[in-house]
Amino acid sequence: MEAFTTHTGRAVPLRRSNVDTDQIIPAVWLKQVSRTGFEKGLFAAWREDPSFVLNDPAYEGATILVSGPDFGTGSSREHAVWALQQYGFRVVIASRFGDIFRNNSTKMGLLPVILPEDVVKRLQDAAEADPKSEITVDLVERQVCAGDLVVPFEIDDYTRWRLIEGLDDIGLTLRHADAVEEYENGRQPWLPTTV
Amino acid sequence: MGRTLAEKVWEQHVVRRADGEPDLLYIDLHLIHEVTSPQAFDGLRMAGRTVRRPDLTIATEDHNVPTVLGPISDPVSRTQVETLRKNAAEFGIRLHPMGDAGQGVVHIIGPQFGLTQPGMTIVCGDSHTSTHGAFGAIAFGIGTSEVEHVLATQTLPAYRPKTMAIEVKGELPVGVTAKDLILAIIAKIGTGGGQGYIVEYRGEAVRKLSMEGRMTVCNMSIEAGARAGMIAPDETTFEYLRGRPHAPTGEAWDRAVEYWKTLRTDDDAEFDKVVEIDATALTPFVTWGTNPGQGAPLGSAVPSPEQFADPVERAAAERALEYMGLTAGTPLRDIQVDTVFVGSCTNGRIEDLRAAAEILRGRTVVTRTLIVPGSMGVKKAAEEEGLHEVFKAAGAEWREAGCSMCLGMNPDTLKPGERSASTSNRNFEGRQGKGGRTHLVSPQVAAATAVTGRLTAPAEL
Ligand code: SF4
């Protein structure tokens, strides 16, 4: 996983709520067996509309997506995270996220930042007024800075540590292989197997 | 203080707990399908890892398979299915491929085989894994990184979600189904209402539901934002499980039932949140918008965006009406559809097909109507009862098992602008094919709609 400490970049305001993962990457894009090339499918249907914000050249190269509430609801497809990352996003800011999407993001090093809805709106306004304005997302200090706005955000210590170190969960769990084995020896005898 | 059902099952599965870290949770059953697994297996190979418990893992082909006999014509889909076959063979995982008697939608086959049992932890790279919570299991969807994690370790690090009780008071009126109930719940609490919670559905109306109905309810927990939904096991659950291929037998059965009976929320347990729903006031429910929370009683009209006080909801409603091509104030009953779909992990079980057949018996459909059994097992059961003859006589198409029109990644799709009444779970923009418009309905409403060509409750026929 890509480590994340602090990131400064320009923002794209996505003024929509309930941006489900079917919108982030439609199902036809999920047939690939590789982990690359998903940036082309990002918001594929919406991007066909020339007035869609990602088609505005002013936002080219932006790395922070600032969305309405309930971003990433719906399907568990991690392809949504891959598509956002491969397109160039490092951070998504919203007042609420779908649980599975948020989980998937932190496994991949895409930082989901939860901020109150009024702050999200201010960031969207700022990005709209001046697409060149920058936002700094500091995971070490757990704060977002934009112009003279400095707002703290919450993230649990463990996830923050894992992101800052860029640690792979599986490696961490395998350190506890003994505990897993011990647990396995005590499982209820009637539990089914698939064989 | 007593504990809730969710807390009991969770605690039973904690392998390791440390301050400031998520719990390491043991996973009893891992379901796999072709779409969210290839990159996970690649990851294993790259790291030189193996599957820790292939004997607790089962795979099926469901999302992108065609539902007519014959090979997969789309080369990209075919490669994905072939990749699953290669991976299953390489890592020693039981697979039910297309055409196999055990094949079907991943959330239909687990319960069908008796692999889904009370008190288990079950995961799958699919958000509707919540379905299995109908048995009193903790079951939730995971992403591909987590699929890889479970393959490698049979565990997952996770924080225990908060607990929410949804108390359904009173009995459902005649003609009102589990699907209507869950659509009404989602409309009430919203698509984000369950975020961060495991929901336990409780109350008289829930107790009276069949296992199929309970699965329909738990299936759509994710549409309210909850990762998992649960229903405490009872005699209905035990009866459903008894005699299934992977259910315990003999003395093991007795011991299991004894334990399963302890899997209920203690009377003095407290939930973090309680929501009440009056079952007696419910009527058939359908969606009018582009998320599952945008629903209303079928007897009402398309709402006007001005009805929503919250500006975010108002904007969402405006956008939804535009996408759906609907005008505020139109009676929902006047909405004409082109296609009716009965199937999916929400409503693709035998009871759903029986309900649709009862309405279609002796009638003729006026729309394109796809009846897609959720599994080959369901298909066989339906054919033994002669349901397929009823569907065919009515002019509906009787298909092979798969996800079909629930999502637009196999040949069964809507064309741009086409409108469906669908028993699936998501009415997102483009979910059933680019530009397609979806109304979520119960199997009963779907069948009645196929007969009239507009959204219709069976009582109106
Ligand atoms: S039937 Fe639909 S919701 Fe269920 S697993 Fe298949 S695609 Fe997902």
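This text follows the structure it describes.
Bringing the site of the ligand into the picture now. All names here are of chain B. Close to the ligand lie His63, Val105, His107, Asp126, His128, Ser344, Cys345, Cys403, Cys406, Leu407, Asn425 and Arg431, which account for all nearby residues. Applying the majority rule of atoms within 2 Å of the grid points places the ligand in the largest cavity. Considered class by class, the residues forming the shell around the ligand number five nonpolar, five polar and two charged.

We now examine the pairing of strand 16 (residues 368-371) of chain B. Residues and elements named next belong to chain B. The sheet contact formed by strand 15 (residues 339-342) and strand 16 spans four bridges and is parallel. From the neighbouring strand, Phe341 faces strand 16, where its bridge partner is Leu370. Pairing geometry for strand 16 and strand 17 (residues 397-398), over two bridges, is parallel. Its bridge partner being in strand 17, Ile371 is matched across the sheet by Trp398.

Counting residues in hydrophobic clusters, the biggest one holds 92 residues, and the most contacted among them are Leu151, Ile166, Leu181, Tyr201 and Trp260 of chain B. Sort the elements by how many residues they give to this core and helix 6 (residues 178-189) of chain B lands first, with eight residues. In this structure, Val19 and Ala83 of chain A together with Val302 and Ala396 of chain B belong to the second largest nonpolar core, which totals 80 residues.

With that settled, the discussion passes to the layout of surface pockets. The probe, sized like a water molecule, is rolled over the atoms to show the empty space still left. Within this model, the largest pocket holds a volume of roughly 1000 Å³. Lining the largest pocket are 35 residues, with Asp99, Arg102, Asn103 and Asp156 of chain A together with Tyr159 of chain B sitting closest to its centre. Among the secondary structure elements, those contributing two or more residues to the lining of the largest pocket are helix 4 (99-108), strand 4 (111-114) and helix 6 (157-165) of chain A together with strand 7 (138-141), strand 8 (155-158) and strand 10 (197-202) of chain B. The class makeup of the residues in the lining of the largest pocket is 16 nonpolar, seven polar and twelve charged.

Residue and element names in this part refer to chain B. Summarising burial for helix 13 (residues 350-360): eight of the eleven residues are buried, a large majority. The set of residues buried in helix 13 consists of Ile350, Asp352, Leu353, Ala355, Ala356, Ala357, Ile359 and Leu360. Positive backbone phi, approximately 75°, marks Gly362, located one or two places after helix 13.

Now for the environment of Glu322 of chain B. With respect to the element layout, Glu322 of chain B can be found in helix 11 (residues 311-324). Residues Glu322 of chain B and Glu358 of chain B, 36 residues apart in the sequence, show an inter-C-alpha distance of 35 Å.

Scoring rules and cut-offs
- Residues numbered from 1 in each chain as written.
- Chains lettered and ligands numbered in written order.
- Predicted model: local features only at pLDDT ≥ 70, side-chain atom pairs only at ≥ 80, totals over all residues.
- Heavy atoms only, no water.
- Near = heavy atom within 4 Å.
- 1 Å grid on protein atoms, 1.4 Å probe; cavity = no way out; pocket = protein on both sides within 12 Å on 5 of 7 lines; lining within 4 Å.
- Sits in = over half its atoms within 2 Å of the grid points.
- Nonpolar A, V, L, I, M, F, W, Y, C, P; charged D, E, K, R; others polar.
- Pairing = 2+ DSSP bridges.
- Helix = DSSP H or I, 4+ residues; strand = E, 2+ residues; numbered from the N terminus.
- Core = buried A, V, L, I, M, F, W, Y, C linked by side-chain atoms within 4.5 Å.
- Buried < 20%, exposed > 50% of the residue type's maximum accessible area, 1.4 Å probe, protein only.
- Points joined across faces, edges and corners; volume = space filled by probe spheres on them.

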